[in-house]
Amino acid sequence: MLKNYLKIAWRNLIKNKIFSIANIVGLTCAFAVAILLSMTALFELSFDQFHENKDSAYQIYLSNQTPRGTEISVSNPVPLAPALKEEVAGIKHVARSVSEDVLVTYNSKELSLDAEFADPEFFKIFTYPTLLGNSRNPLPEKNAVGITKKTARKIFGNTDNVIGKTLILKIGREEKPFTVASILQDVPANSSIDFEIVIPFENHPEYLSSKDRWDSQFHPVYVQLAKGVSAEQFEKSTLAFTELHYRGGIESDIRDGAVPDANGKYKQFHLTPITDRHFVSYTSGIAKVIRIFPYMILGIALVIIFIVSANFINMSIALSEKRLKEIGMRKTLGAIKKQLFFQFWLESLFVFAFSIILGVVTSNMLLNPFKTLFNTKASFTDVTQPSVILLFALAVFAITLIAGGYPALLMSKLSTLRALKGKLDLGKNRLRNGLIVLQFTIAIILISGTLVLHGQIEFMRNKDLGFNKEQVISIPLNGKKNSYSVVNLLREELKGNPDVLSVTGADNNLGLGRDGSLSNSMMGFDYKGRGVVTSAITVDYDYTKTLDLEVLKGRTFDRDFAVDSLSLVINETMAKQLGEEDPLSITIPMDDNVTYSVVGVIKDFNFQEISKEIKPLTLFMDKNWDLYYAYVKIAPKNVAKSFDAIKDAWQKIEPQAEFLGSFLDENMDRTFKREKTMATIVTSGSLLGILLSCIGLFAISMLVVAQRTKEIGVRKVVGASVSSVALLLTKDFLKLVGLAFIIATPIAWYFLNEWLQNYASHVSLSPLFFMAAGLTACLIAFVTVGTRTVKAAAANPVKSLRTE
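Residues numbered from 1 in each chain as written. Predicted model: local features only at pLDDT ≥ 70, side-chain atom pairs only at ≥ 80, totals over all residues. Heavy atoms only, no water.

A.B. asks: Help me get a handle on the overall build of the protein chain, residues and values and all.
C.D. replies: Helix and strand counts for the protein chain come out as 25 helices and 26 strands. With 804 residues in all, the protein chain has 51% of them scored as buried. Pairs at least 24 apart in sequence give 80% of the contacts found in the protein chain among residues at least 6 apart. Accessible surface, the protein chain: about 37400 Å² in total, of which carbon and sulfur atoms supply 58%. (Helix = DSSP H or I, 4+ residues; strand = E, 2+ residues; numbered from the N terminus. Buried < 20%, exposed > 50% of the residue type's maximum accessible area, 1.4 Å probe, protein only. Contact = heavy atoms within 4.5 Å. Areas by Shrake-Rupley, 256 points an atom, 1.4 Å probe, with all protein chains shown as cover.)

A.B. asks: Provide a residue-level description of the environment of F218, including the pertinent values.
C.D. replies: Inspection of the secondary structure puts F218 in strand β11 (residues 217–219). Taking the C-alpha atoms as reference points, F218 and S73, 145 residues apart in sequence, are found 9.9 Å from one another. Ignoring any residue separated from it by four or fewer positions in sequence, one finds F218 in contact with S75, N76, V78, V98, F201, H204, E206 and S210.

A.B. asks: Can you tell me about the packing of aromatic side chains, naming the residues and giving the values?
C.D. replies: Across all of its chains, the model carries 27 aromatic pairs by this definition. Ring geometry for F122 against F123: centres 5.4 Å apart, planes inclined by 85°, an arrangement best described as edge-to-face. Where Y543 meets Y631, the ring centres are 6.1 Å apart and the plane angle is 75°; that geometry is what we call edge-to-face. With Y543 in helix α17 (residues 543–547) and Y631 in strand β25 (residues 629–634), this pair connects stretches of sequence that are 88 residues apart. An aromatic cluster is defined as three or more aromatic residues linked by ring pairs; in this entry it consists of F50, F122, F123, F126, Y128, F195 and Y222. Residue placement shows R555 over the ring face of F561; its charged tip is 3.7 Å from the ring centre. (Phe/Tyr/Trp six-rings, centres within 6.5 Å; stacked < 30°, edge-to-face > 60°. Lys NZ or Arg CZ within 6 Å of the ring centre and 35° of its normal.)

A.B. asks: Describe the side chain of E121, and please don't skip the residues or the numbers.
C.D. replies: In this fold, E121 is placed in the loop between β5 (109–118) and α4 (122–125). Each residue touching E121, except ones within four places of it in the same chain, is listed here: K85, H93, V94 and A95.

A.B. asks: Before we move on, can you summarise the pattern of salt bridges with the specific residues and values?
C.D. replies: This model, assessed by the stated rule, comprises 26 salt bridges. Residue R213 is joined to D215 by a salt bridge in which the shortest nitrogen-to-oxygen separation is 2.9 Å. R291 is paired through a salt bridge with D276; the nearest N and O atoms lie 2.7 Å apart. Here R291, found in the loop between β15 (286–289) and α10 (292–320), pairs with D276, found in the loop between β13 (267–273) and β14 (280–283); they are 15 residues apart in sequence, far enough to count as distant. You'll find R291 and D276 in the same group, each marked buried. (Salt bridge = Lys/Arg side-chain N within 4 Å of Asp/Glu carboxyl O.)

A.B. asks: Tell me about the pairing of strand β4 (residues 91–106), residues and numbers included.
C.D. replies: With respect to burial, β4 is a largely interior element, 12 of its 16 residues being buried. Relative to strand β12 (residues 221–225), β4 runs antiparallel, the two sharing 5 bridges. Of the residues in β12, the one forming a bridge with I91 is L225. Across 10 bridges, the pairing between β4 and β5 is antiparallel. Along β5, the bridge assignment pairs T105 with E110. Where β4 folds back onto β5 in an antiparallel hairpin, the turn is made up of 2 residues, including N107, whose phi is positive at roughly 55°. Bridge count for β4 against strand β8 (residues 166–171) is 3 bridges, and the pairing is antiparallel. If you follow L103 over to β8, its bridge partner there is K170. (Pairing = 2+ DSSP bridges.)

A.B. asks: Summarise the side chain of Q65; cite the residues concerned and give the values.
C.D. replies: Along the chain, Q65 turns up in strand β1 (residues 57–66). Overall, the relative accessible area of 9% leaves Q65 in the buried class. Among the polar contacts made by the side chain of Q65, one reaches the side chain of T70 at a distance of 3.1 Å. (Polar contact = N/O pair within 3.5 Å; in protein donor to acceptor, adjacent residues only side chain to side chain.)

A.B. asks: I'd like to hear about unusual backbone geometry, residue by residue, with values.
C.D. replies: Note on backbone geometry: most residues besides glycine have negative phi, and most peptide bonds are trans. Positive phi outside glycine occurs at D48, with the angle close to 65°. Assignment of secondary structure puts D48 in the loop between α2 (17–45) and β1. Non-glycine residue N638 carries a positive phi angle of around 55°. Note that N638 resides in the loop between β25 and α19 (639–653).

A.B. asks: Give me the lowdown on the nonpolar core, citing residues and values where you can.
C.D. replies: The biggest cluster of nonpolar side chains holds 80 residues, and the ones touching the most others in it are F467, Y543, L547, F605 and L619. At 12 residues, the largest contribution of residues to this core is made by α2. Apart from the residues lying within four places of it in its own chain, the contact partners of F467 are L510, L547, L549, F605, N606, L664 and M668. Membership of the second largest hydrophobic core comes to 26 residues, among which are V78, V102, A115 and V162. (Core = buried A, V, L, I, M, F, W, Y, C linked by side-chain atoms within 4.5 Å.)

Structure below.
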C-alpha cells in the first residue's frame, strides 16, 4: 500500500511540474533561511548559559536616587568586594574583574591582548576550564598570569612547555615580568566576558591608589550566592551595609534634593543574573533585560516558515480541483476517507522532506557568507539540539497534516457524482482568504520595519555630531612608548606634510575603533554645596582644533599658558549644570586642595554613543593621566595618500605595535552595527516574505481563474473588455491586501515606536512609512495576480464556454 501511495505521489509531482517546482523552491529557500536565522537567534540566546553556576551567579549594580533622578552604576570601588564577603551573609564567592587591553612582550614579539584583571574567585564563579596548571586556582601568585590556548599558540607557537615562562606586561606606565601559571580553555564564543590573558586584580594600575577609597569606582563585581539564598534576600541583607559605607554620598544626595525610592532608600544594591548580562541595559534608572534582537530574528524565521506553509496549503487546495475525477474514480472503486487522507498527507510529507534536505544543503553552502554578512559566530550546533529538532519535526508534522488533511477532507465530503463532474465548491474560502490576509499583514509589517530601520540608520549616519568625523583619523596608542611622546613624535613626523592639518590625543575614542574599545570616565565633586557629576576626558593640545569643536566662550588649552594643567574646558550642558551666568568665573576645588579654573565653553558634541543624549563633559589636560588615542586631521583631498603617510609615520615611531587607525565616521558607524544587522535581516526577511507570498497568490489566482472560466467567457461574449474582466478578478485580492494593511499598520506603528524610544534622538515615525509599505504590497499583489487574470481575460471566449 505504501509503495502505491509513493508511486502516485511521484506521478502527481511530475504531472504538475510548475506547482511542484514552485513548492520545492519556496520551501527550500524558506528552510535554508530559517535554519540560518534560527541558528543566529539561538546562539544569541545561549550567551553565558555554559556556566555551571549560572543559577546562582550574579553581577552587582547599585541603584542611586540622585537630584537628577534614578541612576544605575555597575562600576564599583575596590574595597566593596572584600567588605561584602566579610559583612554580608549568604555570599559563597565574590570577585572583582575589569577588562582592558595589555601590551605583552615575549623575546622580540609584541602583542596587544584582551586582558581580564580578576580575583582568584573569578574562576570559582565562572566556568573557564584550566587545561594546564592549577585547575582550582589558575592565578596562584600576584605575578602569575593565565593565558588561553589560542593565546599560547599566538605567543609561543604551541602549548607545550609554556608553564613557567616569563612574559613582560606593560601595565599603566610600567613594564613588569609575569610567569605563565596556567593554560585556559579558549573562551566560548557565547561568553559575555572575553579575554586572552588573565592577570591578578591587585596588578591593575589603579588598585593601590584606590585600595581604600569608596569614591573611586572603575570595575564590576560578581557574586555567587550560597545555596538557598535568593537574590531578594541578598538585596535586603545589603541595606544596612549600603547605609554604612555610602553614608557620605547619601547625605550629599539628600542635601541636593534627591527623592527616596518606593522603599524609602537612596542607595540599594541589586543583582543581575549572569545569564542576563549580555542583554541588560541600564537606561533611565532601570535595569532592563532586552532580548529584542534574537527574538526578532527567531520571529522572522517563523514568519518565513508560516508564509511558505500557507502557500503550500493554498497550492494543495488549488491542485485538488484538478484531481477531482481521480478522486471520483477512487471513490467509485471503494476508496474510503482514511485512504484519501493518507494519500494527500504522504504527498505533502514527501515534498517537505525533499525540501528540508535541499534546505539543509543550501544553508550549509551559505553558512560562511551568512556569518560574514551578519558578523556572527553561530554554528549548526545551535540548531541541532534535540529539543530544537523535536520542535521542528512537530511543526512539519502539523503543517503537512493540514496541507494534506484539509484537501482530503474537502474531497471526502463530495459525492461521487460531483467528483466525477469535477465540481468543487469551496464556499466562502475563509481559510484561503485568512491565510492571504495573514501573509500580507506580515509582509507589510516587515516592509514598514525595513523602511523605518533604514530611515533611523540614515538619520544617525547624517546627524550633525558636533565634530568633524570625515577628516579625522583616530589611532589607538597600543605601543610601548609614553603616550604623550608618541603624540609629539607624530606631530614632528607629519608636520612637513601639507595634507596633515593637526595632531592631538585623548584618553577616549569617539565611536568604536578597530581595537573594539568603548569607554567613558565619570567624576563627581561638590560645587557651592551641591553635588555635580560630569564625564571627563583627558586631552592634549589642539583637541578642539583637530575635531573642529566650536568654542562658545573663552579659549581652549594653549601652549602659551603654563597653568593649563589646572584649567578646564566644559561643554554647554556642564555649564548649565553649574548654573553660573559667567562660566569663565568658575573655580572648582577638587582632591588634595587643588583648584581648577574654567577657561572655555565648547558647543555640545556627541562624545558617547549616538543613541544617548549629550551629558555634561569636562576636558582636562593633566599629564599625570595617560592618553590612549591619537587624532590626526587631514585635508579633504588626497585622503588615501594621507592615510598611508600617517601609517608610515606610526610604523617608524612604534615599529612593533599594530597600526589600528580608522576614520571617525567609520568609528561612529560601528556603534550602530547592531542596527545595521537588524536592517539587513528585516530587509532580507521582507524580500523573501513578499516573494513567497507572491508565489502563493499566483497559485490562488490560477485556482480562481479556473473556477470562473465560464463566467469570463459569458462576460466576454456580452461585450466586457479585457481590462474590466481583469479588474473584476483582481479586486477581490486587493481587498484582502487592503484588510491586511488596516491590520498591520497599528501593529507596526506600536512596535516601531517602542523601539525608537531607545534613542535620545530618532527619525519621526511618519505615516509615509506605512503608506509606502501598503502601496508596495498592493502593487506587488496587483502585478502578481494581474499577470494571470489578464491572460485569462484575453483568452478566446469559445474555449472558456466549451462544455466538459
